[in-house]
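# Remarks on the overall topology
Listed below are the residues making up each chain.
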Amino acid sequence: MSKIQKIKQKLKKLRSLKWRTGILFAVLLGMILLSIPKAIPQEPVVLNLLMTAPDAQPWKQGIVKDFEEKNPGIRINIVEGPNSTNLLEDLYTSAFILGDSPYDLVNMDVIWTPKFAAAGWLLDLSDRLTKTELAAFSPKDVEGGRYEGKLYRIPVRSDAGVFYYREDLLKGAGFKPPETFADVVKISKSLKEQQKVNWGYLWQGRQYEGSAAMFVEVLQGFGGFWVKPDTLEVGLDKPETVKAIAFLKDTIKEGISPPGVTTYIEEDTRRIFQSGQAAFLRSWPYVWPLANAQDSPLKGKIGIKPMVATPGNSGGGCLGGWGLGIAKLSKHPKEAWKAIQFFTSEEAQRQFILKAGFVPSRRSLFIDPQIVSKYPYYPELLKIADKAILRPSIAQYAQASDILQRYLSAALTNRMTPESAMQAAASETRQLLKAKG
Ligand code: GLC
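Along each chain, the written sequence defines residue order, and numbers are assigned to residues from 1. The predicted origin of the model limits local features to residues at a pLDDT of at least 70 and limits the giving and counting of side-chain atom pairs to 80 or more, whereas totals for whole chains, interfaces and linings rest on all residues. In computing side-chain properties, one takes all heavy atoms of the structure into account and sets aside hydrogens as well as water.

## Some details on the packing of helix α2 (residues 53-61) against helix α15 (residues 346-356)
The axes of two packed helices give the description: the angle between them and the distance between them. To keep it simple, the criterion reads: Note on geometry: axes are C-alpha line fits, over the in-contact stretch for helices, and angles between N-to-C directions span 0 to 180 degrees. By the criteria applied, helices consist of DSSP H or I runs no shorter than four residues and strands consist of E runs no shorter than two, each listed in order from the N terminus. Every angle not falling under 35 degrees, over 145, or within 65 to 115 is termed oblique; those three ranges are roughly parallel, roughly antiparallel and roughly perpendicular. In this scheme the handedness of a crossing depends on how the near helix is turned from the far one: anticlockwise by less than a right angle means left-handed, clockwise means right-handed. Throughout, a contact is declared for two residues whenever any of their heavy atoms are within 4.5 Å.
In contact at an axis separation of 10 Å, α2 and α15 are set at 125° when each is read in the N-to-C sense. The orientation of α2 relative to α15 falls into the category oblique. Once α2 is placed against α15, the crossing between them reads as right-handed. Side by side, α2 and α15 meet where Pro58, Trp59 and Gln61 of the first sit next to Phe352, Lys355 and Ala356 of the second.

## Let's talk about the nonpolar core
The line we're drawing: As used here, the term nonpolar core means buried Ala, Val, Leu, Ile, Met, Phe, Trp, Tyr and Cys residues forming a set that is joined through side-chain atoms within 4.5 Å. In this scheme, a residue with accessible area under 20% of its type's maximum is buried, one over 50% is exposed, and one in between is partly exposed, where area comes from a 1.4 Å probe on protein chains only. The domain boundaries here were taken from an automatic or database domain assignment.
Counting 135 residues, the largest nonpolar core has Trp59, Ile76, Tyr92, Trp226 and Phe343 as the members making the most contacts within it. Residue contributions to this core peak at 8 residues, all from helix α18 (residues 397-412). Residues lining this core come from more than one domain, with at least three contributed by each of domain 1 (45-158 + 320-386) and domain 2 (162-317 + 396-433). Sequence-distant contacts of Phe343, that is, excluding residues within four places in its chain, are made with Trp59, Ile63, Val64, Phe67, Ile76, Val156, Leu324, Ala348 and Gln349.

## Here we look at the packing of helix α10 (residues 209-221) against helix α11 (residues 239-253)
Definition in use: The classification used treats Ala, Val, Leu, Ile, Met, Phe, Trp, Tyr, Cys and Pro as nonpolar, Asp, Glu, Lys and Arg as charged, and all other residues, Gly among them, as polar.
Running from amino to carboxyl end, α10 crosses α11 at an angle of 115°, the nearest separation of the two axes being 9 Å. Between α10 and α11, the angle falls in the class roughly perpendicular. In terms of crossing hand, the pair formed by α10 and α11 is right-handed. Facing α10, whose interface residues are Met214, Phe215, Val218 and Leu219, α11 presents Glu240, Thr241, Ala244, Ile245, Phe247 and Leu248. Residue classes in the contact of α10 with α11 are distributed as 8 nonpolar, 1 polar and 1 charged.

Here is the structure:
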C-alpha cells in the first residue's frame, strides 16, 4: 500500500469513527433531553381546610368552585371533619401540637381564637384590613377574632341560636307562638294530646359544646349568667341556674322532650324536627333552608323567633359563628390570605348565604334584596344577632366550657342533683379563673 493509500484509509476510519461518535452523542443527548421533565404547567397550590361535615357541603357546592375558577393556581381541599365543634377543635389542636400542621386555613368557631392565638398557632392578621373594611362586619364577630388586641380570625359567617316552631300546627290548634318556657310546655302537651306530634321541644343535651351554647340561652331566659367576662364573676351556683336545669329536666320527665335528648347534637334534633315529629326546636339558622327544601315534609310550615324566656326576662340566642385564620406553619400564607379575602368578600358571602341560610357576618347582607327575598326573616335575625349572648370570651374558655358540660350532663342525666352539680361546677370554674386569671 502506498503511503497516500494508507493516509486515505486512516482518514476513512477516522471519519466513520466521527460518525459513530456523532451518532452516540446525538443518542445520549436525546436521552438526556427526554429525561428532563417537559415544561410541566405549574402544579396548583393546595390549601387544606378542615370543617364540620354539615358546613362542608355548602362550601364545596358554592364558594370553593367560584374561588378556584377565579384562581386557577390555587385549589381548596375541604377536609370533612366530625359534626360537633369540639371534636373539630380537638383535631386542629392535635395537629398543631404535633407541630406540622396539615392545615393552611383554620376554620374557627367564635370561641376558639383566644386559645389558638395564645398557643401561637395562628398568623397575626391585624394589619391586613383597614378599620373601614373591618367596620363592615358585625362588631361581635370581629371581637371574637381578637386576642390581646390582635386580630387572628376574619368572620365568614355569624350564627345565633333561634327558636323554631310549627306554624301550621300552632295555627291549626289556635295557639300563638310561645313567649315563655311555660307556653312551650303548655302547647307541647296540648299538641301531643291531640296526637299532632310525638314530641314538644327538641334541644341539644349531649356533653359537648352545643350543650353549653343551648344552656346559656335557657340561663339568660331565667335571668342567670355563666361567667361575667369583665369581673370573672361566676353565676353557676345561683338559684337561676338551678331553675334553668329544672326546666330542661322537666321537659324530659313530662315527655315533652325525648329521653334521648341528653345525647343529641344539632343534627340529631334537626332530623327529628324535619321529619315532622316535634313542635319546637332550639337550633341555629342553618336548619331553615334544609327544613324548607323541596323534599322536606316541613316546607312552608315553620316559623322562627328569638328564644323564649320567663316573664320579665328577655330571651336571647347564643352568639355563634365561624371565621378563617391562617396556620402559622402553613407553607402558603400568601395564597391562604387570597382565599380569606375571597371567602369573606360581600359577593362570596351572598352566594354562601343564599345556598346555606347561614347568618351573615357582613351587616349589609341582612337587608340585601336578594337575600331578603329568599329569607324574609333576615332583618329580624339581625336584631337577634345584635342581642346575641356571648359565651365568656376568656382564654380559659375551653376548660370553663368543659366544666359546665360535664356537670350539666351529670345533672340532666340524674347522676347528680342540679344543686350539687352546679356547686361543683361553680367552684371548679372559680379555681380555674383564679389559677390562670
Ligand atoms: C354552631 C355555632 C358555634 C357553636 C356550635 C355548637 O356551629 O356556630 O359557634 O359553638 O354550633 O355546637
